[in-house]
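Here's the letter readout for the chains.
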Amino acid sequence: MRWSGRNIGLTALLFVATIAAWEAVVRVFQIPVFILPAPTQVGMALYRGLASGVYLDHLKYTLLETLLGFIVGSALGFFLGTAVAMNRYVEFFFYPYIIMFQSLPKVALAPLIVVWFGLGLTSKVINAALVAFFPLLVNTMVGLKSADEDRVSLMRSLAASDQQIFWMLRLPNALPFVMAGLDVAMIFALIGAIVAEFVGAQRGLGMLIQSMNFNMDVSGQFSILLILSLVGLILNRIIMLIRRRVMFWDPSEKSALEPATDDVAAPRVGRVVAARAKEGVTP
Amino acid sequence: MAPVTTEAIAVHDLSKSYATRDGAVVALDRTTFDVAEGEFVSVVGPSGCGKSTLLKILAGILPASSGDARLRGTLIDGPRRDIGVVFQSPVLFPWRTVLDNVLLPVDVQRLDRGRYARVGADLLGLVGLRGFEQRYPWELSGGMQQRVAITRALVHDPAMLLMDEPFGALDAMTREHMNLELQRIWMERTKTVLFITHSIPEAVFLGDRVLVMTPRPGRLMDDVRVALPRPRSLDVMNTPEFGRHVHHIRALFNVKGGVDA
Ligand SMILES: Nc1ncnc2c1ncn2[C@@H]1O[C@H](COP(=O)(O)OP(=O)(O)OP(=O)(O)O)[C@@H](O)[C@H]1O
Ligand SMILES: [Mg+2]
């Protein structure tokens, strides 16, 4: 689908209609505000929170946790993934643990991590990093190992060293996988930070939701959910932009933002792997 | 043991079997042949008879099971820098432009990129790809990709060329054109060429000799000397001598029950 003038109009119309219907249902059936607030009430809460600067303060904190966790977790995931893929010994000793941890819902560790590392920034960053770690680890491993046999043969026939094969073939070959991993890791890091804030924190949007829940401030919670989904969307777009930059050569990237109509058989490695990482790796 | 030789390629009693789940598969069975320096030798044989296996052994990327193979007198114990290899499929890197793909051997062997960029561009012109230097492989047709692969094998001017059905993916017209170009390049630069193909006419047209292989396990069935004068034009295909060679080789396959040759 294209964003033609007509489609934009229709989309806007549908959005307004949905909001209006929601408002009408809440008013007509007099649904109590602590069950489902009307859009206007959510809007008011959002305005109050933003105007007072409270939301922004907590948002910055959560973003900081998320980004630090994302960077630390994906960097570690990338390097360990590389070590495992490239060294048989590392693989032999680490692989069992990786398998073990992969199916464990990492967020279940949040209570422990908060106990170990306190209510401050550290525990949130660690939890976010822990969840962001695995998509990168798995995708880097798969990407480095999936270099086409014929291409490896070609490099060998040119008398390329193992280092050259790594830098000139395996690493570029792994890029689509790594980018798909980053895509997932970004959202996972946000989940990790929020969950750790639920468990115990002094600042952050997750902590704010938790305290609003105690006060039955449902409008407030809705307004924060709105912010969180926007944040998720923006973070995702940022990764997507980076990905298009890095993978300029991948034909599927040209049409990454809108489903193309003319992609006959363009390889969509990145997309396939993203799906795979989402299936195999739990936050 | 193999005699000490200065032939470009000397293969003696070479065998290769692959270990598979249902036992060993013999792909190449006690094959012996020589290729003189500067000679153009075609290899034909039915599918699965071990042609690619032979090529990979000569390229130094696959160890033989027994027997020995020498290039210019030295036993093959790994890849060498004085050979160019063209595989059955183009094997291009999608993140490299056409020219950068051609320059891959230059990058790997740390040669002077500036100098070879010109060589590469000239060669691309020679195979009809002028103006495509900065394109990416996925913007090219299969036949164009294969021509890039051939250019890549030529760019560092190796003394020996090993080609595995390089024109298999091309249409008949382009294929004939490429045959003429390959002959021209070979005559200009005196290279030793081992050229694997499915096409008997192509083998006869290009080769000083045609090695004919049996169905699996691959062995040498015949070694046909083709004395047609060079440079050969496409018209030689209509001469009686050309026809005799093609007929002779085809008959060999029919006796042996070769299938798609
Ligand atoms: N890696 C491998 N493992 C096991 N068997 C193999 C392997 N590679 C090739 N073979 C077997 O060895 C035989 C020869 O293979 P090869 O690729 O050399 O044939 P070919 O003559 O090049 O065939 P084609 O003309 O179809 O390319 C085949 O029967 C194949 O099944
Ligand atoms: Mg083959």
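Colleague: Which residues make up the nonpolar core, and what values go with them?
Modeller: In terms of nonpolar packing, the biggest core is built from 47 residues, with Met163(B), Phe195(B), Val204(B), Val210(B), Val212(B) and Ile249(B) touching the most fellow members. In terms of domain composition, this core takes at least three residues from each of domain 1 (1–82 + 161–175 + 188–261) and domain 2 (93–157) of chain B.

Colleague: Lay out the pairing of strand S7 (residues 160–164) of chain B with the relevant residues and their values.
Modeller: Residue and element names in this part refer to chain B. Within S7, five of the five residues are buried, which leaves the element mostly enclosed by the surrounding structure. Judged from the four bridges that link them, strand S6 (residues 83–86) and S7 form a sheet pairing that is parallel. By the bridge assignment, isoleucine 83 is partnered in S7 with methionine 160. Bridge analysis of S7 against strand S8 (residues 192–197) gives five bridges, and the strand direction is parallel. For aspartate 164, the partnering residue across the bridge sits in S8 and is isoleucine 196. Each parallel crossover has a hand, and the one from S7 via helix H6 (residues 172–189) to S8 is right-handed.

Colleague: Residues and numbers for the domain arrangement of chain B, please.
Modeller: All names here are of chain B. Examined at the domain level, chain B breaks down into domain 1 (1–82 + 161–175 + 188–261) and domain 2 (93–157). Placing the centre of domain 1 and that of domain 2 at their C-alpha centroids yields a distance of 26 Å. The interface is formed by ten residues belonging to domain 1 together with eleven residues belonging to domain 2. Contact between domain 1 and domain 2 buries roughly 880 Å² in total, counting both sides, with carbon and sulfur atoms accounting for 60%. At the boundary of domain 1 with domain 2, the tally comes to one salt bridge. Between lysine 191 and aspartate 157 there is a salt bridge, with its nearest N and O atoms 2.5 Å apart. On inspection of domain 1 and its partner domain 2, the count reaches two residue pairs in polar contact (both at pLDDT 80 or more). Among the elements of the structure, S7 and H6 are those that each provide at least two residues to the side of domain 1 that touches domain 2. Each residue belonging to the side of domain 1 that touches domain 2 can be placed in one class, and the counts come to five nonpolar, one polar and four charged.

Colleague: Please give an account of the coordination of the magnesium ion (ligand 2) that cites residues and values.
Modeller: Residue and element names in this part refer to chain B. The magnesium ion (ligand 2) binds to the protein through Ser52 (OG) and Gln88 (OE1); the donor distances cover 1.9 to 2.5 Å. Placement of serine 52 in helix H1 (residues 51–58) and of glutamine 88 in the loop between S6 and helix H2 (98–102) is noted, with a sequence separation of 36 residues between them. By relative accessible area, which is 43% here, glutamine 88 ends up partly exposed.

Colleague: Could you give me a rundown of a nonpolar patch on the surface, with the residues and numbers involved?
Modeller: Together, Leu230(A), Leu233(A), Ile234(A), Ile238(A) and Ile242(A) make up an exposed nonpolar region whose accessible area comes to about 450 Å². Tracing the backbone through its elements, the reader meets Leu233(A) in helix H10 (residues 218–246).

Colleague: Tell me about the site of ligand 1, and name the residues and values.
Modeller: Residue and element names in this part refer to chain B. As a matter of local geometry, ligand 1 sits amid 14 residues, with Ser47, Gly48, Lys51, Ser52 and Thr53 nearest to it. Between an oxygen atom of ligand 1 and a side-chain N or O atom of serine 52, the distance comes to 2.6 Å. Relative to its unbound accessible area of 630 Å², ligand 1 is 68% covered by the protein chains. Looking at the shell around ligand 1, the elements that each hand over two or more residues are strand S1 (9–20) and H1. With three residues, the top contributor of residues to the shell around ligand 1 is H1.

Thresholds applied
- Residue numbers restart at each chain and count upward from 1, following the sequence in its written direction.
- Think of it this way: whatever chain is written first is A, whatever ligand is written first is 1, and the rest follow in order.
- The predicted nature of this model means local features are confined to residues of pLDDT at least 70 and side-chain atom pairs, given and counted, to a pLDDT of 80 or more, with totals for whole chains, interfaces and linings taken over all residues.
- Excluding hydrogens and water, the side-chain figures rest on all heavy atoms present in the structure.
- Nine residue types can take part in a nonpolar core, namely buried Ala, Val, Leu, Ile, Met, Phe, Trp, Tyr and Cys, and a core is a set of them joined through side-chain atoms within 4.5 Å.
- Think of it in three bands: residues with accessible area under 20% of the maximum for their type are buried, residues over 50% are exposed, and the middle band is partly exposed, with areas taken using a 1.4 Å probe on protein chains only.
- What fixes the domain bounds is an automatic or database domain assignment.
- Secondary structure elements follow DSSP: runs of H or I no shorter than four residues count as helices, runs of E no shorter than two count as strands, and numbering proceeds from the N terminus.
- The rule for pairing is simple: two strands pair if DSSP sees at least two bridges between them.
- Whether a crossover is right-handed depends on one test, that the path from the first strand over the helix to the second runs clockwise when the strands point away from the viewer.
- Should any heavy atoms of two residues lie within 4.5 Å, those residues are considered in contact.
- Take the accessible area each of two parts loses on contact, using a 1.4 Å probe, and add the two losses: that sum is the buried area.
- Definition used for salt bridges: Asp or Glu carboxyl oxygen within 4 Å of a side-chain nitrogen of Lys or Arg.
- In the analysis that follows, any N or O atom pair within 3.5 Å is treated as a polar contact, provided that within protein one partner can donate a hydrogen and the other can accept it, and provided that, for residues neighboring in sequence, both atoms belong to side chains.
- Residues were grouped as follows: Ala, Val, Leu, Ile, Met, Phe, Trp, Tyr, Cys and Pro as nonpolar; Asp, Glu, Lys and Arg as charged; and all remaining residues, including Gly, as polar.
- Water is absent from the atoms considered, so a metal site may look incomplete; donors are defined as N, O and S atoms within 2.8 Å of the metal, or 3.2 Å for Na, K and Ca.
- Exposure above 30% relative accessible area and the lack of any salt bridge qualify a residue for a patch; like charges then connect within 9 Å, and the nonpolar side chains Val, Leu, Ile, Met, Phe, Trp and Tyr within 5 Å.
- The accessible surface values rely on the Shrake-Rupley method and a 1.4 Å probe; as for residues, cover is taken only from the protein chains in view.
- For this purpose, a residue is taken to be near a molecule or strand whenever a single non-hydrogen atom of the residue falls within 4 Å of it.

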